[in-house]
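Now for the letters of each chain:
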Amino acid sequence: MESDDLFVNVNKHIDAADERLVQLRDFFFKEFSTKAEFFVKVPGRVNLIGEHVDYSGFPVCPMALSQNILLAVATSPNNDDIIHLKNMQSKYKSFKCSIDHIKIELPKPGTYPGWHNYFLCGVKGILDYIHKMGDYPRKGFLVAVSGNIPPAAGLSSSSALVCSAALTTAFLYDLPLNKTLLATLSASSEHYIGTQGGGMDQAIAFLAKKGCAQYIEFNPVRATPIQLPPDAVFVIANSLAEANKAATSDFNKRVVECRIATKLLAKFTDRPWQDIEKLGQLQSEVLDVELEEFEALIKKHLTKDVYTKDELMSIFHIHEKEFEEKMLTPNTKDEKEFKLKQRALHVIQEAIRVEHFRHVTDNADDDDEEDAIDQMSELMKRSHKSLRNLYECSHENLEELIKISKEFGVGARLTGAGWGGCIVALTDSITTCDRYIATLNECYYDLMPQAKHLEFDQICFATEPQNGAEIFIAE
Ligand code: ADP
Ligand code: NG1
Ligand code: MG
């Protein structure tokens, strides 16, 4: 199958110039004593703007990175039904299980899920889908993994792994490699790990195109290319504070607060709150109002700084069990206080910023490129301020990086879920970019002992938009 707009690109040959691919091919052969049959490549991503809005159904603006997850794969030579996983990094231990006994272990609070669980999410998502269409032959397979996306840094290493597993399974089980189907199935399958993300990471993993960012809409997933001003250079800087999303309830607490805010607004505007889950759904489908009108409704109806579980149960006329079932997730079931006004305001104002960002990029021409970059930078700064103050998902290390960026004069914001991880900054030329990176090195990384053991260009680098997922057939 050749590439077109809808299908994952299946290349006839592996790229022998890609050193990591060649190393992975050799590692695979050494570990499994057989040749890899094909390779899968799925990129990480950086979100330029539109943070914590995807799970409320609003559009986002990510682009794919050159850092990626690579898999080398072969069907099991014994024709058994076992999935064998090996990783080139020894910290990720080998794993195997039967395709019929996939068990995804939810992490205990404060601990990280084993890496193989992310892989199993992708496999399970595809097998469940195939199973619904009828029975299928049990095919085991051998997989070796090489990844260079900094983990737990907001660059979506987890989803690249989930999507690579989903794509591998779909390819082996002869499912049409339709990008939107794979993005949708991968998004819901990553929920098996416990976090209830909105689908941005999996959408860009499949729908990304080299040279442009994407404006991604949801339900159904679709992507429209965003042409960035030619002089714009985006820089990613890792704060080196890790944030493993599945190990805490922070992420799901925000998902839950947005859900309760939606239902409360629905109730206050006399709509059937039981059936409405997302702010975006309430705004566009149910109330059918503009984003600005919706913002005014939030300000009018959600007046309190904190809502307690008891008062919410009383407003909705429901008991504890129903409250937990309808509103909460397993890892937020003991939460007693919710900041609904602040979270909903961030979401709607961020959704408005995304529309402005897109408008600026759509209308930027050569004459006013500088002005376009200024406007984009300003929107990114406001996005960060809102994530810090209203969404409370920043981190002291991120704040330090933002402060240095501000003093240098570039717009920057945290990217990904936050609570650590990376910032993304917008510079107006290669020269500014180089000076900015040198400033970050001097004012931030030079003062961090742990940075001395890391390769600098892996933690702070300029980035250009890359292609989405691909398959390479081994020669
Ligand atoms: P993010 O998606 O922001 O990078 P997450 O906390 O969602 O962060 O996911 C990080 C987890 O993804 C890691 O703890 C690990 O389990 C898994 N992971 C990331 N990269 C790799 C890799 N190269 N090999 C195996 N597992 C990986
Ligand atoms: P990261 O940065 O990968 O943890 C998460 C969610 C996204 C989105 C962003 C915040 C997953 C897999 N990813 O990204 O859907 O909500 O946070 O914008 O849950
Ligand atoms: Mg993740």
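Predicted model, so just to flag it, every value in this text is computed and none were measured.

Cut-offs and rules
Residues numbered from 1 in each chain as written. Chains lettered and ligands numbered in written order. Predicted model: local features only at pLDDT ≥ 70, side-chain atom pairs only at ≥ 80, totals over all residues. Helix = DSSP H or I, 4+ residues; strand = E, 2+ residues; numbered from the N terminus. Rg over C-alpha atoms; globule rule 2.2 N^0.38 Å. Buried ≥ 20, exposed ≤ 12 C-beta atoms within 10 Å, placed from the backbone. UniProt positions renumbered as here; feature names shortened; annotations may be inferred. Pairing = 2+ DSSP bridges. Axes fitted to C-alpha atoms, helices over the stretch in contact; angles between N-to-C directions. Contact = placed C-beta atoms within 7 Å. Near = placed C-beta within 6 Å. Nonpolar A, V, L, I, M, F, W, Y, C, P; charged D, E, K, R; others polar. Expected span 1.5 Å × (residues − 1). Arc of directions from axis to C-beta. pLDDT = per-residue confidence, 0-100. Parallel < 35°, antiparallel > 145°, perpendicular 65-115°, else oblique.

### With respect to the overall build of the protein chain
In terms of regular secondary structure, the protein chain is built from 15 helices and 15 strands. Computed over C-alpha atoms, the radius of gyration of the protein chain comes to 22 Å, within 12% of the 23 Å expected from 2.2 N^0.38 for 475 residues, which places it in the range of a compact globule. Over its C-alpha atoms, taken along the principal directions, the protein chain stretches across nearly 65 × 55 × 45 Å. Each of the 475 residues in the protein chain was classed as buried or not, and the buried ones make up 49%.

### Section: the UniProt feature "domain: GHMP kinase C-terminal" (unreviewed entry) in the protein chain
Mapped onto the present numbering, the UniProt feature "domain: GHMP kinase C-terminal" (unreviewed entry) falls on residues 373–428. Along residues 373–428, the helical share is 54% and the strand share 18%, with 7 Å between the first and last C-alpha atoms.

### Details of the sheet that holds strand S13 (residues 422–427)
Taken together, the 4 strands give an open sheet; going across it, the order is S12-S13-S9-S14, and neighbouring strands pair in antiparallel fashion. The sheet is open, and its two edges are formed by strand S12 (411–414) and strand S14 (460–463), each paired on a single side. Each adjacent strand pair in this sheet contributes to an overall mean axis angle of 25 degrees, direction not counted. In this structure, strand S9 (residues 233–238) lies alongside S13, joined through 6 bridges in antiparallel fashion. Of the residues in S13, the one forming a bridge with Asn238 is Cys422. The strands touched by helix H12 (residues 369–389) within the sheet are S12 and S13, with S12 carrying the most contacts at an inclination of about 35 degrees. Contacts between helix H13 (residues 396–408) and the sheet are confined to S9, S12 and S13, with S13 contributing the most and set at about 10 degrees to the helix.

### Notes on the site of ligand 2
Not every one of the 18 residues close to ligand 2 is listed here, only the nearest: Gly154, Ser156, Gly197, Gly416 and Ala417. If you list the elements that add at least two residues to the shell around ligand 2, you get helix H3 (157–172) and helix H5 (200–207). Considered class by class, the residues forming the shell around ligand 2 number 3 nonpolar, 10 polar and 5 charged.

### Brief notes about the sheet that holds strand S3 (residues 62–75)
If you walk across this open sheet you meet the 7 strands as S1-S15-S2-S3-S6-S4-S5, and the pairing is mixed. Since the sheet does not close on itself, it has two edges, and those belong to strand S1 (9–11) and strand S5 (95–98), each with one partner. Neighbour to neighbour, the strand axes of the sheet diverge by 20 degrees on average, direction disregarded. Here strand S4 (residues 82–87) pairs with strand S6 (residues 141–147) via 5 bridges, running parallel. Looking at the pairing, Asn87 lines up with Val145 of S6. Sitting on the sheet, H3 touches strand S2 (38–47), S3, S6 and strand S15 (470–473), and the angle it makes with S2 is about 150 degrees. Across the sheet, H5 is in contact with S2 and S3; its angle to S2 comes to roughly 125 degrees.

### Points about the pairing of S15
Note that S1 and S15 share 3 bridges and pair parallel. Counterpart to Asn11 in the pairing with S15 is Phe472. Pairing between S2 and S15: 4 bridges, direction antiparallel. Each residue of the ladder has a partner; that of Phe39, found in S15, is Phe472.

### Notes on helix H1 (residues 19–32)
Note on helix geometry: an α-helix contains 3.6 residues per turn, so any two residues three or four positions apart are oriented the same way. With 14 residues, H1 ought to run about 20 Å at 1.5 Å a step, and its terminal C-alpha atoms sit 20 Å apart, in line with that. Every buried residue of H1 is accounted for by Leu21, Leu24, Arg25 and Phe28. Each buried residue of H1 sits inside an arc of 105 degrees when the element is viewed along its axis, so together they form one side. Exposed side chains of H1 directed beyond 90 degrees from the buried face belong to Glu19 and Lys30. Contact partners of the buried residues in H1: S2, S3 and S6. Immediately beyond the C-terminal end of H1, within one or two residues, lies Ser33, with a positive phi of roughly 55 degrees.

### Some points on the confidence of the model for the protein chain
Residue-level pLDDT values for the protein chain average 95, and 99% of them are 70 or greater. Reported confidence for the predicted complex is 0.99 by ipTM and 0.96 by pTM.

### Some details on the pairing of S9
Burial of S9 is extensive: 6 of the 6 residues sit out of reach of the surface. Where S9 and S14 come together, 4 bridges link them in antiparallel fashion. Residue pairing in the sheet places Phe234 in a bridge with Thr463 of S14.

### Concerning unusual backbone geometry
Following Asn219, the chain continues to Pro220 via a peptide bond in cis, the omega torsion being 0 degrees. Among the structural elements, Pro220 can be located in the loop between strand S7 (213–217) and strand S8 (222–226). With a phi close to 55 degrees, Asn79 is a non-glycine residue in the positive phi region. Structurally, the position occupied by Asn79 is in the loop between S3 and S4. Positioned with a positive phi, Asn219 is a non-glycine residue whose angle comes to about 55 degrees. We classify Asn219 as partly exposed; it has 14 C-beta atoms within 10 Å.

### Section: the packing of helix H6 (residues 250–268) against helix H11 (residues 340–363)
Two elements in contact, H6 and H11, have axes whose closest approach is 9 Å; the angle formed by their N-to-C orientations is 95 degrees. What the angle tells us is that H6 and H11 run roughly perpendicular. Facing H6, whose interface residues are Arg254, Glu257, Cys258, Ile260, Ala261 and Leu264, H11 presents Leu340, Arg343, Ala344 and Val347. Its residues placed into classes, the contact of H6 with H11 shows 7 nonpolar, no polar and 3 charged.

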